[in-house]
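This is what each chain is made of:
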Amino acid sequence: MIFLLLFVTFFQIGLFGFGGGYGMLSLIQGEVVHHHHWMTTAQFTDIVAISQMTPGPIGINSATYCGYTAVHNAGYGNMMSILGSATATFALVLPSFIIMILISRMFFKYMNTPTVQNVFKGLRPAVVGLLGAATLLLMTPENFSLPTVNPWRFWISCGLFVATFVGTYYIKINPIRMICYSAMAGLVLLY
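On a plain count of helices and strands, the protein chain comes out with nine helices and zero strands. In the protein chain, the succession of helices and strands from N to C terminus is α-α-α-α-α-α-α-α-α. Principal-axis analysis of the C-alpha atoms places the extent of the protein chain at approximately 55 × 45 × 30 Å. Among the 191 residues that make up the protein chain, the fraction classed as buried is 31%. In the protein chain, the share of contacts with a sequence separation of at least 24, taken over all contacts with a separation of at least 6, comes to 56%. Carbon and sulfur atoms make up 73% of the accessible area of the protein chain, which totals about 11800 Å².

Okay, here's the thing in structure tokens:
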């Protein structure tokens, strides 16, 4: 039953996940953490960190790890968990594959029509909203702590967040370097 739920859930995420992997993160978190309770917010944050550091699209990497974790947390063994990874990954990619096959020929014919251009104009703000939602959903006490609970961890986390934003947006430091710098700072400052 969990494999069918994984397939349906990640198929829907793949079908409605406009904006790429980062746009899918809020959808994935909503389904696997809040709706199905397959993992905790802290586990999902770890998934996002691992997915960013490994090669490949973040949405597919997240789906692979979420599928594995969901099946493993349901009490199945490693081989069944690997099947859960494959199921979630296949289900996430399948809608895009089907849609691209269906519209690839027609897109070039109709891409300059006002209707298609208006659809894209409507999707752009939605994509920005999904990216913002993904950011806000990850800003939780499990990830940042609270100033009343652990002020040191809270302010270090906020500082790393601001430093990463400034470093990538204004100073134009490579995001891979920023991930490595943040990991080293986290090791030194938080542990």
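Anyway, onward from the coordinates.
Before going further, it helps to examine the environment of Gln-52. Residue placement: Gln-52 occurs in helix α3 (residues 41-53). In this structure the C-alpha to C-alpha distance between Gln-52 and Ile-179, which are 127 residues apart in sequence, comes to 8.4 Å.

Looking now at the nonpolar core. Counting 24 residues, the largest nonpolar core has Phe-10, Ile-28, Val-32, Phe-44 and Cys-66 as the members making the most contacts within it. Those elements that place two or more of their residues in this core are α1 (2-16), α2 (20-35), α3, α4 (58-73), α5 (78-110) and α6 (114-138).

As a further point, take the packing of aromatic side chains. Enumeration according to the criterion identifies eight aromatic pairs in this entry. Summarising the aromatic geometry, the rings of Phe-154 and Trp-155 are spaced 4.8 Å apart at their centres and angled 80° between planes, so their arrangement reads as edge-to-face. Each member of the aromatic cluster is reached from another via a ring pair, and the members are Phe-7, Phe-11 and Phe-90. Lying over the aromatic face of Tyr-169, Lys-172 brings its terminal NZ or CZ to 5.3 Å of the ring centre.

As a further point, take the packing of α2 against α4. Here α2 crosses α4 at 20°, and the two axes come no closer than 8 Å. On the basis of the axis angle, α2 is roughly parallel to α4. Together, Gly-21, Tyr-22, Met-24, Leu-25, Ile-28 and Val-32 of α2 and Ile-58, Gly-59, Ser-62 and Cys-66 of α4 make up the contact between the two elements. Of the residues belonging to the contact of α2 with α4, the class tally is seven nonpolar, three polar and no charged.

Even without glycine at this site, His-37 takes up a positive phi of about 55°. Looking at the element boundaries, His-37 is found in the loop between α2 and α3.

Definitions and limits used
- Residues numbered from 1 in each chain as written.
- Predicted model: local features only at pLDDT ≥ 70, side-chain atom pairs only at ≥ 80, totals over all residues.
- Heavy atoms only, no water.
- Helix = DSSP H or I, 4+ residues; strand = E, 2+ residues; numbered from the N terminus.
- Buried < 20%, exposed > 50% of the residue type's maximum accessible area, 1.4 Å probe, protein only.
- Contact = heavy atoms within 4.5 Å.
- Areas by Shrake-Rupley, 256 points an atom, 1.4 Å probe, with all protein chains shown as cover.
- Core = buried A, V, L, I, M, F, W, Y, C linked by side-chain atoms within 4.5 Å.
- Phe/Tyr/Trp six-rings, centres within 6.5 Å; stacked < 30°, edge-to-face > 60°.
- Lys NZ or Arg CZ within 6 Å of the ring centre and 35° of its normal.
- Axes fitted to C-alpha atoms, helices over the stretch in contact; angles between N-to-C directions.
- Parallel < 35°, antiparallel > 145°, perpendicular 65-115°, else oblique.
- Nonpolar A, V, L, I, M, F, W, Y, C, P; charged D, E, K, R; others polar.

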